[in-house]
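# Structure at a glance
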Amino acid sequence: MERLQKIIASYGYTSRRKAEDLIKKGKVMVNGQMVSELGTKVSEHDVISIDGVIINKDVKHEYYILNKPRSVISSITDDKGRITVVDLINTEARIYPIGRLDYDTTGLILLTNDGDFANTLMHPSMEVEKTYIAKIDKILNKEDIDKIRKNLIVEGRKVVVNRLKVKKIDKEKNTMILEITIIEGRNHIIKKIFNEVGAKVTKLSRIGYGFLNVKDLKSGEYRNLTIKEIKKLYALAKK
Ligand code: URA
């Protein structure tokens, strides 16, 4: 027996969090009875339906790595009608992004319909390194750089910066390009980090996620993750 939201996510229908919302909204039935209690335990033999449609565990799991272009939103749908990361992938599966990149951020994002996989990667204990290239509207001095490398506090919590490298300085335009590697995944975290030293991020791209990169993918291109990569990502979580 497992919690209802976990079973729904493991069938690939949606993420565990979204499954919880559906349960709370009274959209989920188990054996014909509406269930709105999040703790409800069910087994694979129970008949689960969402919005009147029976879901089952024969859903094939799909895993993608996408090089997200600018002006694409990291969600399944958008009420403003903007293009989403899901729109860029040619599949009938109910995939969704694992975490998010801002509308104006480009680069590496993973998508799947495997709720267990998504939850594993998004769990706070998951210490996967994410590397970004950021262009900022200021040339940082040594103190600023040291501040970011060491004791930066963002919204009351310390940010551990694993690596920070200056890639390019343009004195005429007063801009700087840096490569920064962090583990955590707070929303807008890179922009907030540079904000703390008085700089605005004018361009941002995620180039690395653990051992993965998007060097072989043009903007808007994607590919399936290999079984080996999926296993390696799970192995990172178990460390
Ligand atoms: N940090 C940001 O500020 N934006 C992103 O899209 C990702 C990390």
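Scroll up to find the structure.
Note that this is a predicted model, so its numbers are computed, not measured.

## Notes on the layout of surface pockets
A probe matching the size of a water molecule, rolled over the atoms, marks out where space remains unfilled. Approximately 1300 Å³ is the volume found for the largest pocket. Forming the boundary of the largest pocket are 49 residues, of which Pro97, Ile98, Gly99, Arg100 and Met122 lie nearest the centre. Of all the elements in the fold, those that place two or more residues in the lining of the largest pocket are α2 (16–24), β8 (96–97), α3 (115–122), β10 (130–136), α5 (189–195) and β15 (201–209). Sort the elements by how many residues they give to the lining of the largest pocket and α2 lands first, with four residues. A per-class count over the lining of the largest pocket returns 22 nonpolar, 13 polar and 14 charged. Computed from the structure, the second largest pocket encloses a volume of approximately 180 Å³. As for the second largest pocket, its lining consists of 13 residues, of which Ile207, Gly208, Asn213, Val214 and Lys215 are closest to the centre. Examining the composition of the lining of the second largest pocket, we find that four residues originate from one element, β15, more than from any other.

## Digging into the site of the ligand
Taken together, Leu101, Asp102, Thr105, Tyr132, His188, Ile189, Ile190, Lys191 and Leu204 form the complete shell of residues around the ligand. At a separation of 3.4 Å, a nitrogen atom of the ligand approaches a polar backbone atom of Ile189. Interatomic distance of 3.1 Å between a backbone N/O atom of Ile190 and a nitrogen atom of the ligand. For the ligand, whose free accessible area comes to 240 Å², the fraction covered by protein is 97%. Among the detected pockets, the ligand sits in the largest pocket. Of all the elements, α5 adds the most residues to the shell around the ligand, at three residues. Taken domain by domain, the shell around the ligand gets at least three of its residues from each of domain 2 (63–125 + 213–237) and domain 3 (130–209).

About the cut-offs
Residues numbered from 1 in each chain as written. Predicted model: local features only at pLDDT ≥ 70, side-chain atom pairs only at ≥ 80, totals over all residues. Heavy atoms only, no water. 1 Å grid on protein atoms, 1.4 Å probe; cavity = no way out; pocket = protein on both sides within 12 Å on 5 of 7 lines; lining within 4 Å. Points joined across faces, edges and corners; volume = space filled by probe spheres on them. Helix = DSSP H or I, 4+ residues; strand = E, 2+ residues; numbered from the N terminus. Nonpolar A, V, L, I, M, F, W, Y, C, P; charged D, E, K, R; others polar. Near = heavy atom within 4 Å. Polar contact = N/O pair within 3.5 Å; in protein donor to acceptor, adjacent residues only side chain to side chain. Areas by Shrake-Rupley, 256 points an atom, 1.4 Å probe, with all protein chains shown as cover. Sits in = over half its atoms within 2 Å of the grid points. Domains from an automatic or database assignment.

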